[in-house]
Amino acid sequence: MVLNSVQVDVSISMDNENETGENLVEGAFQHGLNEKLDQTSPERDDIPEGVPADEPYVGQEFESEAAAHAFYNAYATRVGFIIRVSKLSRSRRDGSAIGRALVCNKEGFRMADKREKIVRQRAETRVGCRAMILVRKVSSGKWVVTKFVKEHTHPLTPGKGRRDCIYDQYPNEHNKIRELTQQLAIEKKRAATYKRHLELIFEQIEEHNESLSKKIQHIVDGVREMENKEQQSRV
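Residues numbered from 1 in each chain as written. Predicted model: local features only at pLDDT ≥ 70, side-chain atom pairs only at ≥ 80, totals over all residues. Heavy atoms only, no water.

K.L.:
Give a detailed account of the nonpolar core, specifying residues and quantitative values.
P.N.:
Phe-62, Tyr-72, Tyr-75, Phe-81, Ile-133, Val-135 and Phe-148 are the most contacted members of the largest nonpolar core, which has 18 residues in total. Within the residue set of this core, elements represented by two or more residues are α3 (65–79), β3 (97–104), β4 (132–137) and β5 (143–149). The biggest single contributor to this core is α3, with six residues. (Core = buried A, V, L, I, M, F, W, Y, C linked by side-chain atoms within 4.5 Å. Buried < 20%, exposed > 50% of the residue type's maximum accessible area, 1.4 Å probe, protein only. Helix = DSSP H or I, 4+ residues; strand = E, 2+ residues; numbered from the N terminus.)

Written out as structure tokens, the structure reads:
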């Protein structure tokens, strides 16, 4: 099939996510790629036999990269996995985006973290899954699926939303969050109780100070009265 050679070309151009252009033969590859895709890409309503209408297929066309992303995301939600935006290929001529890889969020493997001896062990979420699609912008301005890997290397959760999928991937973390939330609520109540006790103590101190001030003032007044009487008696 002609698209097999197209997939090879696209894989070459998308190996490096941070590249701003392809190699010196990009111009020739790009021209040949556009011609092949223009000739072989079916229309959106010309779905290959045996392919469900809501499943990606090589040659499928989209009006934009965003439309391809939305379609694959809806497909992922129905099948039961989460997508991640991955490698980007840019034109060497003007720097515009011409290719994008959308992968399963379990793609690849997590790099070892030197801090793991200090901080708690994080849950493993990447298992080397290869499910993905590659979309490429052709001369017509449309984005075409040039590669589609359907199979996953992990169990799927059909019918679950993105949030439920994330909860399934991080069960321990969410249990800990729930426990910490409950502890936080308890500590807030305890802090409110302590605050009220402190307010009562301050009120008692203030009342005691007022009472003490009155007593002192009473003594001072008594002393002054006695002094005045002594002075008057001397006169």
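K.L.:
Pulling in residues and values, what's your account of the pairing of β3?
P.N.:
β3 sits mainly inside the fold: seven of its eight residues count as buried. With six bridges joining them, strand β2 (residues 83–90) and β3 adopt antiparallel strand pairing. The residue of β3 that forms the bridge with Ser-89 is Gly-99. Here β2 folds back onto β3 in antiparallel fashion, the turn holding six residues, of which Gly-95 has a positive phi close to 80°. (Pairing = 2+ DSSP bridges.)

K.L.:
Explain a nonpolar patch on the surface to me, and be specific about the residues and the numbers.
P.N.:
Together, Leu-198, Ile-201, Phe-202 and Ile-205 give the surface a local cluster of nonpolar side chains, amounting to about 390 Å² of exposed area. Along the polypeptide, Leu-198 turns up in helix α5 (residues 171–234). Here Leu-198 falls in the partly exposed class, since its relative accessible area comes to 45%. (Patch = residues over 30% accessible without salt bridge, like charges linked within 9 Å, V, L, I, M, F, W, Y side chains within 5 Å. Areas by Shrake-Rupley, 256 points an atom, 1.4 Å probe, with all protein chains shown as cover. Salt bridge = Lys/Arg side-chain N within 4 Å of Asp/Glu carboxyl O.)

K.L.:
Run through the confidence of the model for the protein chain, naming residues and quoting values.
P.N.:
Of all residues in the protein chain, 65% have pLDDT values of 70 or greater, and the mean over the chain is 76. Put simply, helix α1 (residues 2–13) is where the protein chain has its lowest mean pLDDT, 40, and β5 is where it has its highest, 95. Confidence drops under a pLDDT of 50 for residues 1–30, and excluding neighbours within four residues, the segment shows 56 contacts in the predicted structure. Segment residues 36–44: pLDDT under 50, and 29 contacts once partners within four positions in sequence are set aside and those in other chains are kept. (pLDDT = per-residue confidence, 0-100. Contact = heavy atoms within 4.5 Å.)

K.L.:
Give a description of the packing of aromatic side chains that names residues and reports values.
P.N.:
Aromatic rings in a pair are described by how distant their centres are and how their planes are angled relative to each other. In total, this model carries five aromatic pairs according to the counting rule given. Geometrically, the ring pair formed by Phe-62 and Phe-71 is tilted, given 5.4 Å between the ring centres and 55° between the ring planes. Summarising the burial analysis for this pair, Phe-62 and Phe-71 share the class buried. Note on Tyr-75 and Phe-148: the rings are 6.1 Å apart at their centroids and 75° apart in plane angle, and the pair reads as edge-to-face. Placement of the pair is Tyr-75 in helix α3 and Phe-148 in strand β5, with a sequence separation of 73 residues. (Phe/Tyr/Trp six-rings, centres within 6.5 Å; stacked < 30°, edge-to-face > 60°.)

K.L.:
Describe the sheet that holds β2, listing the residues and the values that go with them.
P.N.:
Taking strand neighbours across the sheet as the criterion, the five strands line up as β1-β5-β4-β3-β2 in an open arrangement whose pairing is antiparallel. At either end of the open sheet lies a strand with only one pairing partner, and these are β1 (61–62) and β2.

K.L.:
Lay out the pairing of β5 with the relevant residues and their values.
P.N.:
The buried fraction of β5 is high, at five of seven residues. Note that β1 and β5 share two bridges and pair antiparallel. Bridge assignment links Glu-61 to a residue of β5, and that residue is Val-144. In this structure, β4 lies alongside β5, joined through six bridges in antiparallel fashion.

K.L.:
Hey, could you go over the pattern of salt bridges for me, with residue numbers and the actual values?
P.N.:
Taken as a whole, this structure holds nine salt bridges when the rule is applied. With its nearest N and O atoms 3.4 Å apart, the salt bridge here joins Arg-190 to Glu-187. Here Arg-190 and its partner Glu-187 are both found in helix α5, three residues apart, which amounts to about one turn of the helix.

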